[in-house]
Each structure stands twice: as C-alpha cells, then as structure tokens.
Amino acid sequence: METEVSVVLEEEQLSSLQQRERWLTVDGPLGMRDQEAARRQARNFFYAGFAFLPWLWFVNCFYFWPVLRYHHRSPDPLLRSYIVRSAVGFVVCSSLLLTWALTFAIGRERLLGSSWESLAVYELADKFANSF
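Owing to the predicted nature of the structure, the values given are computational and were not obtained by experimental measurement. (Residues numbered from 1 in each chain as written. Predicted model: local features only at pLDDT ≥ 70, side-chain atom pairs only at ≥ 80, totals over all residues. Heavy atoms only, no water.)

### Focus: the pattern of salt bridges
- Applying the stated rule across the entire model yields two salt bridges.
- The salt bridge partner of D76 is R39, with a shortest N-O separation of 2.7 Å. Taken as a pair, D76 in the loop between α4 (65-69) and α5 (77-112) and R39 in helix α2 (residues 35-48) lie far apart in primary sequence, 37 residues in all.
- D76 sits in the buried class, given a relative accessible area of 7%.
- For R39, a relative accessible area of 18% translates into the label buried.
- Sharing partners across several salt bridges, the network here consists of E36, R39 and D76. (Salt bridge = Lys/Arg side-chain N within 4 Å of Asp/Glu carboxyl O. Helix = DSSP H or I, 4+ residues; strand = E, 2+ residues; numbered from the N terminus. Buried < 20%, exposed > 50% of the residue type's maximum accessible area, 1.4 Å probe, protein only.)

### Observations concerning the packing of α2 against helix α3 (residues 55-63)
- Axis separation between α2 and α3 bottoms out at 8 Å; the angle between their running directions is 155°. By the criterion of interaxial angle, the relationship of α2 to α3 is roughly antiparallel. Every pair of crossing elements has a handedness; the one defined by α2 and α3 is left-handed. Only L56, W57, V59, N60 and Y63 of α3 make contact with α2, whose side of the interface consists of Q41, A42, F45, F46 and A48.
- The residue makeup of the contact of α2 with α3, split by class, is eight nonpolar, two polar and no charged. (Axes fitted to C-alpha atoms, helices over the stretch in contact; angles between N-to-C directions. Parallel < 35°, antiparallel > 145°, perpendicular 65-115°, else oblique. Left-handed = near helix turned anticlockwise from the far one by under 90°. Contact = heavy atoms within 4.5 Å. Nonpolar A, V, L, I, M, F, W, Y, C, P; charged D, E, K, R; others polar.)

### Quick word on the environment of D34
- Mapped onto the secondary structure, D34 falls in the loop between α1 (2-20) and α2.
- The spatial distance from the C-alpha of D34 to the C-alpha of L24 is 8.9 Å, given a sequence separation of 10 residues.

### Some details on the confidence of the model for the protein
- Chain-level statistics for the protein give a pLDDT mean of 76 and a share of 63% at 70 or above.
- Put simply, α1 is where the protein has its lowest mean pLDDT, 49, and α3 is where it has its highest, 91.
- A low-confidence stretch, residues 5-9 (pLDDT under 50), is modelled with zero contacts involving residues beyond four sequence positions or located in other chains.
- This stretch, residues 16-20, has a pLDDT under 50; its non-local contacts, to residues over four places away or in other chains, come to two contacts. (pLDDT = per-residue confidence, 0-100.)

### Considerations on the packing of aromatic side chains
- Scanning all chains against the criterion turns up nine aromatic pairs.
- For the pair F46 and W57, a centre-to-centre distance of 6.5 Å together with 35° between the ring planes defines the contact as tilted. Here F46, found in helix α2, pairs with W57, found in helix α3; they are 11 residues apart in sequence, far enough to count as distant. Both residues of the pair, F46 and W57, belong to the buried class.
- An angle of 20° between the planes, with centres 6.4 Å apart, marks the rings of F58 and F62 as stacked. Of this pair, F58 and F62 both sit in helix α3, separated by four residues, roughly a single helical turn. (Phe/Tyr/Trp six-rings, centres within 6.5 Å; stacked < 30°, edge-to-face > 60°.)

### Brief notes about the side chain of R80
- On the secondary structure map, R80 appears in helix α5.
- Of the side chains with opposite charge, D76 comes closest to the buried, unpaired R80, at an N-O distance of 10 Å.
- For R80, the side chain forms a polar contact with the main-chain oxygen of V67, separated by 3.0 Å. (Lys, Arg positive; Asp, Glu negative; His and termini not counted. Polar contact = N/O pair within 3.5 Å; in protein donor to acceptor, adjacent residues only side chain to side chain.)

### Focus: the nonpolar core
- By size, the foremost hydrophobic cluster in this structure holds 14 residues, and its most contacted members are A38, A42, F64, V67, L79 and I83.
- Elements represented by at least two residues in this core include exactly α2, α3, α4 and α5.
- In terms of residue count, α5 provides more of this core than any other element does, four residues in total. (Core = buried A, V, L, I, M, F, W, Y, C linked by side-chain atoms within 4.5 Å.)

If you want it as structure tokens, here you go:
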C-alpha cells in the first residue's frame, strides 16, 4: 500500500515539474532556452529545406518536437509556425519522392513507355561513358 502511494506522489511531482519546465527542444534542459536563438535556428532550417534539402525539415521537426507536439503549451507562435510548416514541407516532399520512386521502379516500361530507357540513370551513364 505504501509503494502505491509513493508512486502516485512521484507521478504528481513529475507532472507538476513538467508543467513548470517548458523545454523547446527534444534534448530538454540541455537544449535551447532562449526564444530568439530557437526561433532563428527553426527559421534557418525551414528556409534551408527549400534548397532541395527536405531532410532539414525533418531535423527541424525532430529537434523541436515538444513545440510541435504540445501546441497548447507553445510559448512562441512564430516558432511553432516554422515547425509546423517544416512538417508540412517534409510530408509533401517525402510523398512526392516516394510516388516518383515507386512509379519509376514499378511502372517502368508499362507505365512510361519507350521513354523509360532514356530516363534510366544507368542508360545515361552508359551513353556518356561511350562518348569519352
């Protein structure tokens, strides 16, 4: 009986501690606490994702996971907007890349016709290798 009471007390203390601490990053107290630095990093990763680096959008979402997950406790709406837009960009780019890869891998000549051979990377490599 005493162990049950202590477990309940520990859970209550932990939840009150988590409510007081508002960590912006996934690494908790070791991460960023400064709002300006966090906003600057999220903005830089968001804009860098447009340079054909959508994996930076994933890194942005992962690093600022507490901001993305707990939207009702987000202290900075501008920071949250960068993280949400990074998540949307990552999902859109990933789905487009996956669709293209599956279409090219599964469809091949049935789907793309005779132009498939000119689109295949190994065909391009052979064509340019023979020209040198």
